[in-house]
Every structure is written in structure tokens, then in C-alpha cells.
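Breakdown of the fold
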Amino acid sequence: MLTQSHRYRDIERAAVYLQPEKCVPPPVRDSMDKVWFIKDGCGIACAVVTWLLVFYAEFVVIFIMLLPSKDVIYSIVNGIVFNILAFMALASHFRAMITDPGAVPKGNATKEFIESLQLKPGQVVYKCPKCCSIKPDRAHHCSVCKRCIRKMDHHCPWVNNCVGENNQKFFVLFTMYIALISLHALIMVALHFLYCFEEDWTKCSSFSPPTTVILLILLCFEGLLFLIFTAVMFGTQVHSICTDETGIERLKKENPTWEKTSSWAGLKQAFGGDFSPGWFSPFSHSLYHQLPSDMEYAMAPDSNEYVTGRIVGHVEVIEVEHENE
Ligand SMILES: [Zn+2]
Ligand SMILES: [Zn+2]
């Protein structure tokens, strides 16, 4: 019998029992499988463009604005700040791209695995028919990653990855550092224009005045566009963390069936423990987000995670057989 929580689910069909012949058991993981990288041409192109745009900004800031400047202190201080921010942005981008966002083990909806959960007769589990995995609560299937992702927020082509439970911190840091370098670049462009208007244009850059102006205007556009885009994204992500509601859940206006955490607890969970400088580092990773292994799934037979959740999407319901059947 289906409980009240099932009304939230977009159920494709009710299977009497799992069809194990359709599910291939999860492959044995070797060390190569630990590198998470989505082989999506569009996403890879967007990620490369992101890096090229940062390098373009680096080039203009260093060779057009800072090196020709007569104020050495101004150049050194701004050069160090800009390069640190750019390095942190690219490091966050890289970590967001190569970190498993919280993928549910693929193909684990096998008869053996479901039996190993020792669910009570009549209980149901939810299976994603696309990747043959048991869907935990708040997981969604991503058609680009071809996996179910825990607490999936959205698939971002700019980082060529899903933003989910496990890599949200890196994505938030990426948007924050890009917004900061954009703002910093815009301030430097404004100061440089003022400086060039006061001085002779031929002395304010080692390039010709028309080239200098074109490169500065392009940087201005790039800075403005990315400042607006990443600042909005950063705000949306922090809001999502604080309200404990993913982008998908907000879009679908789902009624929360999970116990919402407080804003501060949500931030601690996303950024990895109590407030520390590590929150701003793309090199530290939270222990909260270690994904449960297949063993842990199997070792938690009392968990009702699979039976009380609320998943909207393409799912099959698998009702556990009654003992007397
Ligand atoms: Zn799936
Ligand atoms: Zn994805």
C-alpha cells in the first residue's frame, strides 16, 4: 500500500517487484573510476571558455594596466590581490568540476541489493529507470551526467558538472571569487581610464591607444557581465543553503517533506563544520559530505531513507514482497 508521501512522487508505474534482469550490478571500482569527469562536449567547451576569459582578464590587468603604471606599490598590491583571487577562482572551478556531486551508486537497484536492505514487507523503494539506482530522498536524475545526484541543485555547463550535495561549496566559492575578480578588474579599469585621461595616452600603456581602449572596453564588458551573473548565482546558492531547498525543489515549488535545517546548520553542512578560514578554501573539503559507500547502504537496513522520501521525477515504485507471497 502506498503511503501519503507517495502522492508527491511522479510515479511512472508501480512494479510488483523489481525486474533485476534490467539492472546491471554496479561495476567494481578501480582507482581510475575515482576521477569524476563528465564527458560532455558542450560542458567541456564552456569550462575551457571560462578559463580563457580569466586568462584574458589576467593579460589585460597585468600587461595593459599594472606593468605600465608608474606607481610600483599600486601595481604590486593590486597584482598580488588580483592573482590570488584569480587562482582561487580557477582552483574552485577545477574542484567543482572534478568532484563527484553526490552520485547515487549506479545500477544498485538489483534484487540482491534490495533484499540486503531487509526492508519490511510492504515497504517501497524508488528506482530510477534511467540509471537503475535506488533513489534516496531529494535525489534527481541528471540527463547530462546520466546519474542520480543527491540534493541536485542544477547542472552547470560552466563547471561541466552537476551542483549537488558534495560539490556545492566549490561552486559557491567559484561564483564568489569570479564576482570578486570582476569587481576588482572593473575598479582598476575605471582608475586606469582616469589615469590615461590625465596623462598622455601614449604613456599609459605599452600598446597603441586604440588597442588599449578596445582591450579595456572588452574587459569592462566581461567584468560587468560576470559580476552580475556570478553575484546573482552566489546569492541564489547561499539562499538555497540557508533555506535548505535546492534549485530544483524551489522551481517545482515542492512541499518540503524533509526536516529543514537552520540557516547556520545548513551553511556548516555545506562548507564543512564550524566557521573557519577553510570555508573560503577550495582545498579543504568537508567530512560531512563523504558519500555513503555501497556497504553503508547495505548496513543500514533500519533506515527508512528509501521509503519515506519525496522524489519528483521519473521513478518506479518497487514494493517489497510480502513474506507469505
Ligand atoms: Zn537516475
Ligand atoms: Zn549533471
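Sequence positions are assigned chain by chain, starting from 1 and proceeding in written order. All chains are assigned letters beginning with A, and all ligands numbers beginning with 1, in the order in which they are written. Thresholds applied to this predicted model are a pLDDT of at least 70 for local features of residues and 80 or more for the giving and counting of side-chain atom pairs; totals over whole chains, interfaces and linings are not thresholded and use all residues.

Taking an unreviewed UniProt entry as the reference, the chain is identified by name as Palmitoyltransferase belonging to Xenopus tropicalis. UniProt positions are given in the numbering used here, feature names are shortened, and annotations may be inferred rather than shown by experiment. Taken directly from UniProt, the Subcellular location (unreviewed entry) text for the chain runs: "Membrane". For the record of the chain, the UniProt heading Catalytic activity (unreviewed entry) holds the text "L-cysteinyl-[protein] + hexadecanoyl-CoA = S-hexadecanoyl-L-cysteinyl-[protein] + CoA".

Describing the overall build of the chain
Per the convention used, a helix needs a DSSP run of H or I reaching at least four residues, while a strand needs a run of E reaching at least two, with both numbered from the N terminus. Broken down by element type, the chain carries nine helices and eight strands. Among the 325 residues that make up the chain, the fraction classed as buried is 38%. Working definition of burial: number of other C-beta atoms within 10 Å of the residue's own, with buried at 20 or more, exposed at 12 or fewer, and partly exposed in between, all C-beta atoms being placed from the backbone.

Remarks on the UniProt feature "transmembrane region" (unreviewed entry) in the chain
The feature "transmembrane region" (unreviewed entry), as given by UniProt, occupies residues 42-66, 72-91, 170-193 and 213-234 in the numbering adopted here. With 100% helix and 0% strand, residues 42-66 has its two end C-alpha atoms placed 35 Å apart. Split by type, residues 72-91 is 100% helix and 0% strand. Its first and last C-alpha atoms lie 28 Å apart.

Structural notes on the pairing of strand β5 (residues 147-150)
The alternating pattern of β5 places R147 and I149 on one face and C148 and R150 on the opposite face, and all of these are buried. As paired strands, strand β4 (residues 139-142) and β5 are joined by four bridges and run antiparallel to one another. Each bridged residue has a counterpart across the sheet, and for H141 the counterpart in β5 is C148. From the end of β4 to the start of β5, which pair antiparallel, there are four residues, and K146 there has a positive phi angle of about 55°. Strand pairing is assigned whenever DSSP identifies at least 2 bridges connecting the two strands.

A short note on the packing of helix α2 (residues 72-98) against helix α4 (residues 168-198)
Packing of α2 against α4 leaves a shortest axis separation of 8 Å and a crossing angle of 150°. Taken as axis vectors, α2 and α4 run roughly antiparallel relative to one another. In the crossing of α2 with α4, the sense of the turn from one axis to the other is left-handed. The residues of α4 that touch α2, namely those facing N78, V81, F82, L85, A86, M88, A89, S92, H93, R95 and A96, are F170, F171, L173, F174, Y177, I178, L180, I181, H184 and M188. Every angle, taken between N-to-C directions, lies between 0 and 180 degrees, and every axis is a line fitted to C-alpha atoms, over only the stretch in contact when it is a helix. Should an angle lie under 35 degrees it is considered roughly parallel, over 145 roughly antiparallel, and from 65 to 115 roughly perpendicular; all remaining angles are considered oblique. The sense of a crossing depends on the near helix, which, turned anticlockwise from the far helix by less than a right angle, makes the crossing left-handed and, turned clockwise, makes it right-handed. C-beta atoms are placed from the backbone for every residue, and two residues are taken to be in contact when these atoms lie within 7 Å.

A look at the pairing of strand β2 (residues 124-128)
Burial analysis of β2 places five of its five residues in the buried class, the great majority of the element. Two elements, β2 and strand β3 (residues 133-134), share two bridges in a ladder whose sense is antiparallel. Its bridge partner being in β3, K127 is matched across the sheet by I134. Between β2 and β3, which pair antiparallel one after the other, the connecting turn spans four residues, and C132 there sits at a positive phi close to 55°.

Quick word on helix α1 (residues 41-66)
Between its first and last C-alpha atoms α1 spans 36 Å; for 26 residues at 1.5 Å apiece the expected length is 38 Å, and the two agree. Among all positions of α1, only G43, A47, T50, V54, A57, V60, V61, I64, M65 and L66 are buried. Lining the buried residues of α1 we find α2, α4 and α5 (209-243). How far a helix is expected to stretch is found by multiplying one less than its residue total by 1.5 Å.

So, the nonpolar core
Each nonpolar core reported here comprises buried Ala, Val, Leu, Ile, Met, Phe, Trp, Tyr and Cys residues connected via C-beta atoms within 7 Å. Membership of the largest hydrophobic core comes to 61 residues, with the highest contact counts inside it found for A89, F174, Y177 and I181. For this core, the element with the highest residue contribution is α4, accounting for 14 residues. When residues no more than four places from it in sequence are discounted, the contact partners of I181 are A57, F82, L85, A86 and A89.

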